[in-house]
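Residue-level structure breakdown
Here is what each chain is made of, one letter per residue.
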Amino acid sequence: MSKNLVIVESPAKAKTIEQYLGKDFTVTASMGHVRDLPKSKMGIDTEKNFEPSYTVPQDKKKTITELKKKIKADTKIWIATDEDREGEAIGWHLLKALKVDPKKHDIKRIVFHEITKSAILKSIEEPREINQDLVDAQQARRILDRLVGYELSPLLWKKIRYGLSAGRVQSVAVRLIVEREREIDAFKPDEFWNVIGTFKGDEGKAFDAQLAKIDGEKAVVDNQKISDQILKDLKGADYKVTKVEEKKAKRNPAAPFITSTLQQEASRKLGFSVKKTMVIAQQLYEGIETSEGHKGLITYMRTDSFNLADDAVKQAHKVIESEYGKEYVAEEARVYKKKKGAQEAHEAIRPTDLEWLPDSLSKQLNRDQFRLYELIWKRTIACQMKTAILNQVKADIEALQYMFRATGQTIDFAGFMKVYVEDENEEDDPNAEKDDEKTKKHEKFLPKLKESEDLDCEKLDSTQHFTQPPHRYTEASLVKKLESEGIGRPSTYAPTISTVQTRGYIEKMGKALKPTDTGGVVTDFLVKYFPDIVDYKFTAEMEEDLDLVAHGKKEWVPLIKEFYVPFHENIVDKEKTVNKADVVNEESDEKCEKCDSPMVIKLGRYGKFLSCSNYPECKNAKPLPKKEGEEETEREQPKIDPELEAKLKGKKCDKCGNPMEIKIGKYGHFLGCSNYPECKNIQPIVKFSGVKCPKCKKGQLVERRARRTGKVFHGCNQFPKCKFATWDKPLADTCKKCKGMMVEKKDGETYCVDCTKDKKPAKKKAAKKKS
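Residues numbered from 1 in each chain as written. Predicted model: local features only at pLDDT ≥ 70, side-chain atom pairs only at ≥ 80, totals over all residues. Heavy atoms only, no water.

1. Quick look at the overall build of the chain
Each helix and strand in the chain was counted, giving 19 helices and 31 strands. With 771 residues in all, the chain has 48% of them scored as buried. Pairs at least 24 apart in sequence give 65% of the contacts found in the chain among residues at least 6 apart. A total of about 42200 Å² of accessible surface is found on the chain, and carbon and sulfur atoms cover 48% of it. (Helix = DSSP H or I, 4+ residues; strand = E, 2+ residues; numbered from the N terminus. Buried < 20%, exposed > 50% of the residue type's maximum accessible area, 1.4 Å probe, protein only. Contact = heavy atoms within 4.5 Å. Areas by Shrake-Rupley, 256 points an atom, 1.4 Å probe, with all protein chains shown as cover.)

Set out below in C-alpha cells:
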C-alpha cells in the first residue's frame with residue numbers, strides 16, 4: 001500500500017488521476033458526500049449556536065470503513081474533492097468521518113480545474129490546508145435550507161396539503177414563474193397594422209420597406225380605418241429616396257462559458273434541459289480513454305468566472321491561425337469583465353486541449369457528449385477571434401406625408417462569426433423593436449440606392465397584428481433571471497429547477513414552464529405570510545452574505561441567528577392564526593346543481609376543482625371550467641393512443657351488455673360502463689410497451705400508475721410472479737455492449753439497465769415500524 005492516499009469524489013476521476021500520479025500514490029473515491037444532517041429529524045440545536053448534528057448515511061458506512069483501512073500511521077492524506085464550496089465541505093466532512101488526527105497525519109488539500117496530467121502534478125506541488133471559510137459558507141447554506149424546510153414545510157402540510165415543501169431558493173423560482181403566468185393572464189392585446197411596400201429603383205431589384213413615420217412622427221396605425229386611409233392616400237403617389245445612411249458596425253464575441261450561460265445556450269441550441277447539460281458536462285469533465293491514456297475533456301463545469309488561463313489563450317490563438325487563418329486571430333488576448341461576486345472556480349468552462357477538434361472525437365463520444373463538447377469548443381475559440389465587421393444600410397423613402405424605411409445588412413468581415421454566433425433569447429419582450437446590430441445573424445441585402453432616386457411601388461400591403469404577452473419562462477430564461485437577480489449560485493440552478501418540477505409546483509409544456517394550481521396557492525401563502533422567504537432582494541442579499549462568509553469577512557452563526565429568530569416567531573404565530581379554509585378555498589359564482597348551495601373552489605392533489613359548500617351533506621364536485629383559449633396540459637387532459645382507442649371502440653360491458661366508454665380518473669384512462677351509475681363496472685386499459693421483461697423473459701412491460709402519487713412507471717404484466725418495474729421508459733433498442741434493456745429518463749438520457757445495475761447504491765434496509 002502506498003504511503004500517499006488521494007481521495008476524490010468519483011471513481012472515474014480516481015482511475016485517471018492514479019495513472020498520472022504513478023505507483024507512489026493510491027487514489028480512491030468517496031462517492032460524493034459522506035456526512036449530512038439526519039433525515040429523521042432537524043439535526044440542528046437552535047439553542048446552542050445552531051450546532052449541527054451530522055450523521056454518516058447507511059449507504060456510506062462501507063465507504064468510510066474501507067477508507068479507514070487504507071489509512072496507516074505513516075499515510076499522507078491528500079483531499080482532492082471539487083474546488084467549489086461544496087467540494088471543500090465534502091473534504092472537511094471526510095476528515096471528520098474518518099476521525100483523522102491532524103497531529104498524527106500529514107493532511108493536504110489540493111485543487112485542480114481540469115483533469116490533465118499537468119494540472120494534477122501542479123496541484124501536488126502547490127497543496128494548501130482546508131479552507132474553513134469556504135466550509136462555513138457551505139455549512140451555513142445547508143443549515144439555512146434545513147431550518148426553512150423543516151419548519152416551513154410542516155406548516156404548509158397543515159394549512160394547504162400534506163407532502164408540500166418550501167425552500168429558500170426554490171420558492172423564489174416558483175414565484176417568478178407564477179408571477180409571469182399572471183402577467184400573461186392579465187395581458188390585454190393591442191391591435192396594430194404594418195404597412196409594407198415593395199419597391200424597385202434604377203437597379204431593377206425589388207426590396208421591402210415598412211411605414212415608419214407620418215408627418216414626421218412615429219407611425220401609429222392601430223385600426224383598419226387608419227390603415228385603409230393610408231392605402232387610399234398612397235394610391236398613385238410618387239416615391240423618392242430622401243436619405244441613405246451607410247455605416248460599419250462592429251460586433252464582439254460573447255465571453256467564454258460559465259455555468260449559467262452554458263445551461264442557457266445548451267437549451268437554446270441543443271434543446272437540453274439544465275439537468276441534462278450538467279450531467280453531460282460532468283462526463284466530459286471526467287473524460288474518456290484516448291491513445292494518450294484517460295483524459296478530461298473540459299475544465300470544471302461549476303464556475304462563475306470568465307477567466308481563461310494564459311496557456312489556454314495562447315493555444316486558442318494557435319488553433320485559430322491553423323484552422324481559419326492569421327487574419328482571424330484577435331490582435332491581443334481578450335479579457336472579459338469579471339462577474340460581480342464570482343468566487344467558485346478560477347476559470348471559465350473550456351476544453352482542456354483546444355487542439356482536440358470536435359470532429360476528431362466524433363467516434364469516441366456519444367451524440368449528446370459530442371454536441372456539448374463542440375458547443376464549448378466553438379465558444380472558447382470564438383471568444384479569442386477578431387471582431388466582426390458588418391455593413392449596415394438604412395434608406396428613407398417618402399411619399400406625401402408618409403415615410404418608409406428599408407434596412408439591409410451584409411458581413412464585411414466575419415471574424416468570430418465564422419465559427420460561432422450566440423443564439424437570441426426567445427424570452428425577450430416579444431413586442432420590443434429589435435436592434436439589427438445585436439440580433440441579426442444573417443445577411444439581408446438591399447440594392448444600391450441614391451438620394452433623390454425615384455422609385456416604383458410594385459405593391460402596398462397592410463396586415464393586422466396584435467401585441468403579444470410576455471413569454472413563459474423556459475429553463476434557460478429562468479436561469480438567466482435567477483442569475484440577474486443574484487439568486488442562487490452555479491451549483492444550485494440545476495437542482496432548484498429539477499426540484500420545483502418534481503414537487504409538482506411547475507410543469508413543462510414543451511420548453512415552457514407553467515405553474516400548477518398548487519404552485520400558485522403555495523406562492524400566495526408565502527408572499528402573504530412569509531414575504532422575506534420569497535423576496536428577490538432578501539434572497540440575493542443572503543447570497544451576498546454567504547459570499548462574505550466564504551471570504552472570511554462575516555461570521556456564519558450571527559447571520560443564521562439574525563434570520564432564524566424572527567422567522568421562527570412567525571412560524572409559531574401563523575400556526576395559531578391562519579385558517580386552512582382561508583388559504584385553499586375561493587368563492588365562485590356557480591351554484592350547485594344538486595342542492596343549489598354556492599360552489600367553492602378547492603385545491604386537491606391534482607389541482608383546483610369546484611366543490612359544494614354544503615359538503616359533507618352534498619358531495620357534488622366537478623372540474624373547473626376552462627378559461628377561454630386556455631391550453632390543456634398533459635396532466636389535466638392526458639392523451640390516449642389513437643390505435644388503442646380504435647381497438648377499444650365497440651367493447652361491450654360484460655355485466656349489462658351496454659357499450660364501454662373510455663373515461664379519465666386520477667390514475668389515467670380506464671373503461672367504464674356507459675350505463676353508470678346503474679352499472680358500475682370498470683376495467684383497466686393496459687398499454688403494452690412492446691418490450692420484453694428483462695427479468696423473467698416471459699412477460700411484457702406495461703404502463704402502470706403508482707396509487708399514491710399517480711406517477712407513471714412500467715412493470716411486468718406477469719405481476720405478482722415477476723415484480724420487475726422501472727420508472728424510466730423502456731426502449732425497443734438493446735444495449736450494444738451486453739444486449740440488455742435500454743431505458744430513457746425524462747431528461748432524454750438513455751442507459752442500459754444491466755450495465756448500470758452494479759453501479760447503483762445498495763438499497764437501504766427498511767426501518768422497523770415504531771409501535
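From this point, things continue past the structure.
2. Overview of the pattern of salt bridges
Inspection of every chain in the model, using the stated rule, returns 41 salt bridges. A salt bridge links Arg175 to Glu179; its shortest N-O distance comes to 2.7 Å. Taken together, the residues span about one helical turn, with Arg175 and Glu179 both in helix α6 (residues 170–186) at a distance of four residues. According to the relative accessible area criterion, Glu179 is partly exposed, its value standing at 30%. One salt bridge connects Lys318 with Glu355, and the closest N-O pair in it is separated by 3.3 Å. Linking Lys318 in helix α10 (residues 310–324) with Glu355 in the loop between α10 and α11 (367–382), this pair joins segments that are 37 residues apart in sequence. Under the relative-accessibility criterion, Lys318 is labelled exposed at 53%. Residues joined by salt bridges that share partners form a network here, namely Lys13, Asp82, Asp84 and Arg302. (Salt bridge = Lys/Arg side-chain N within 4 Å of Asp/Glu carboxyl O.)

3. Some details on the nonpolar core
Counting residues in each nonpolar core, the largest one holds 123 residues, and the members touching the most others are Phe112, Leu152, Ile160, Leu372, Tyr373, Phe525 and Phe530. No other element matches the 11 residues that helix α5 (residues 132–159) contributes to this core. Ignoring sequence-local partners within four residues, the contact set of Phe525 consists of Leu155, Leu156, Lys159, Ile160, Phe530, Val578 and Val583. (Core = buried A, V, L, I, M, F, W, Y, C linked by side-chain atoms within 4.5 Å.)

4. A few points about the sheet that holds strand β18 (residues 586–591)
Through backbone hydrogen bonds, the strands of a sheet pair up, either in parallel or in antiparallel fashion. On the basis of which strands lie adjacent, the open sheet formed by four strands has the order β18-β19-β20-β21 and antiparallel pairing. For this open sheet the edge positions go to β18 and β21 (621–623), each flanked by a neighbour on one side alone. For this sheet, the mean inter-axis angle between neighbouring strands, taken without regard to orientation, is 40 degrees. Of the strands in this sheet, β19 (598–604) and β20 (607–612) are in contact with helix α15 (residues 517–529), which crosses β19 at around 95 degrees. (Pairing = 2+ DSSP bridges. Axes fitted to C-alpha atoms, helices over the stretch in contact; angles between N-to-C directions.)

5. A closer look at unusual backbone geometry
Across the junction of Tyr615 and Pro616, the peptide omega takes the value 10 degrees, indicating a cis bond. With an omega of 10 degrees, the peptide bond running from Phe719 to Pro720 counts as cis. With respect to the secondary-structure elements, Pro720 resides in the loop between β27 (712–716) and β28 (725–726). Its identity as a non-glycine residue notwithstanding, Met31 has a phi of 60 degrees, on the positive side. For Met31, the location among the structural elements is in the loop between β2 (25–29) and β3 (44–45). The class for Met31 is partly exposed, based on a relative accessible area of 44%. Its identity as a non-glycine residue notwithstanding, Lys99 has a phi of 55 degrees, on the positive side. Examined against the element boundaries, Lys99 turns out to sit in the loop between α3 (85–98) and β6 (107–109).

6. Concerning the state of the cysteines
Per the stated rule, a full pass over the model turns up zero disulfides. With no disulfide partner, Cys696 has as its closest neighbouring cysteine sulfur the one in Cys716, 3.7 Å distant. Take Cys722: it sits in no disulfide, and the sulfur closest to it among the cysteines is that of Cys693, at 3.6 Å. For Cys722, a relative accessible area of 5% gives the class buried. (Disulfide = S-S within 2.5 Å.)

7. A short note on the sheet that holds strand β30 (residues 741–744)
The antiparallel open sheet is built from three strands, whose spatial order is β29-β30-β31. Every interior strand has two partners, whereas the edge strands, β29 (729–734) and β31 (750–752), have only one. Averaged over neighbouring strand pairs, the angle between their axes works out to 35 degrees when direction is ignored. For β29 and β30, the ladder comprises three bridges, and the chain directions are antiparallel. Across the sheet, Lys729 pairs through a bridge with Glu744, a residue of β30.

8. Brief notes about the environment of His465
Mapped onto the secondary structure, His465 falls in strand β15 (residues 454–466). The spatial distance from the C-alpha of His465 to the C-alpha of Trp193 is 5.8 Å, given a sequence separation of 272 residues. Contact partners of His465, with chain neighbours within four places excluded, come to Asp190, Glu191, Phe192 and Asn194. Looking at His465, its side chain comes within polar contact range of the side chain of Thr463, at 3.0 Å. (Polar contact = N/O pair within 3.5 Å; in protein donor to acceptor, adjacent residues only side chain to side chain.)

9. Focus on the packing of helix α13 (residues 475–484) against helix α14 (residues 493–502)
Two quantities define a packed helix pair, namely the angle between the axes and the distance from one axis to the other. As a packed pair, α13 and α14 sit with axes 11 Å apart at the nearest point and diverge in direction by 120 degrees. Considered as vectors, α13 and α14 are oriented oblique to each other. Between α13 and α14 the crossing geometry is right-handed. Of the residues in α14, those touching α13 at Glu475, Leu478, Val479, Leu482 and Glu483 are Tyr493, Ile497 and Gln501. (Parallel < 35°, antiparallel > 145°, perpendicular 65-115°, else oblique. Left-handed = near helix turned anticlockwise from the far one by under 90°.)

10. Concerning empty space enclosed by the protein
This structure, assessed with the given rule, holds one cavity of 30 Å³ or more. Looking at the largest cavity, its volume works out to about 40 Å³. Residues of the lining of the largest cavity, tallied by class, amount to four nonpolar, three polar and no charged. (1 Å grid on protein atoms, 1.4 Å probe; cavity = no way out; pocket = protein on both sides within 12 Å on 5 of 7 lines; lining within 4 Å. Points joined across faces, edges and corners; volume = space filled by probe spheres on them. Nonpolar A, V, L, I, M, F, W, Y, C, P; charged D, E, K, R; others polar.)

11. Section: α10
Taking 1.5 Å as the rise per residue, α10 with 15 residues should run 21 Å; its terminal C-alpha atoms sit 21 Å apart, in good agreement. Within the span of α10, buried status applies to Ala312, Val313, Gln315, Ala316, His317, Val319 and Ile320. Of the surrounding secondary structure, the elements contacted by the buried residues of α10 are α11. Among the residues trailing α10, Gly325 stands out with phi positive, at a value near 110 degrees. (Expected span 1.5 Å × (residues − 1).)

12. A look at the environment of Glu661
In this structure, Glu661 sits in strand β22 (residues 660–665). In this structure, the C-alpha to C-alpha distance between Glu661 and Asn675, residues 14 residues apart in sequence, is 9.6 Å. When neighbours within four sequence positions are excluded, Glu661 is seen to be in contact with Phe670, Leu671, Gly672 and Ser674.

13. Description of the confidence of the model for the chain
In the predicted model, the chain carries a mean pLDDT of 85, and the fraction of residues at 70 or more is 89%. Mean pLDDT per element in the chain: helix α12 (residues 436–439) is the minimum at 42, and α11 is the maximum at 95. A low-confidence stretch, residues 435–441 (pLDDT under 50), is modelled with 21 contacts involving residues beyond four sequence positions or located in other chains. Contacts of residues 758–771 to residues separated by more than four positions or lying in other chains number three contacts, the stretch itself having pLDDT below 50. (pLDDT = per-residue confidence, 0-100.)

14. Some points on the packing of α6 against α15
Here α6 crosses α15 at 110 degrees, and the two axes come no closer than 9 Å. If you check the angle between α6 and α15, you find them roughly perpendicular. For the pair α6 and α15, the sense of crossing is left-handed. In contact with Ser171, Val174, Arg175, Val178 and Arg182 of α6, α15 contributes Gly519, Gly520, Thr523, Asp524, Leu526 and Val527. Residue composition of the contact of α6 with α15, grouped by class: four nonpolar, four polar and three charged.

15. Overview of the packing of aromatic side chains
All told, the structure shown has 16 aromatic pairs when counted by the stated rule. For the pair Tyr239 and Phe404, a centre-to-centre distance of 6.2 Å together with 70 degrees between the ring planes defines the contact as edge-to-face. Remark: Phe404 occurs in strand β14 (residues 402–413) and Tyr239 occurs in strand β10 (residues 239–251); sequence separation between them is 165 residues. When its relative accessible area of 4% is taken as the criterion, Tyr239 is described as buried. Note on Phe404: relative accessible area 0%, which makes it buried. Plain terms: the ring middles of Phe525 and Phe530 are 6.2 Å apart, the flat faces sit at 40 degrees to each other, and that makes the pair tilted. The class for Phe530 is buried, based on a relative accessible area of 3%. Taken together, Phe525, Tyr529, Phe530, Phe538, Phe563 and Phe567 form an aromatic cluster joined through their ring pairs. Over the face of the ring belonging to Tyr536 we find Arg175, whose NZ or CZ atom lies 4.9 Å from the ring centre. Geometry around Tyr473 places Arg180 over its ring, the cationic atom sitting 4.2 Å from the centre. (Phe/Tyr/Trp six-rings, centres within 6.5 Å; stacked < 30°, edge-to-face > 60°. Lys NZ or Arg CZ within 6 Å of the ring centre and 35° of its normal.)

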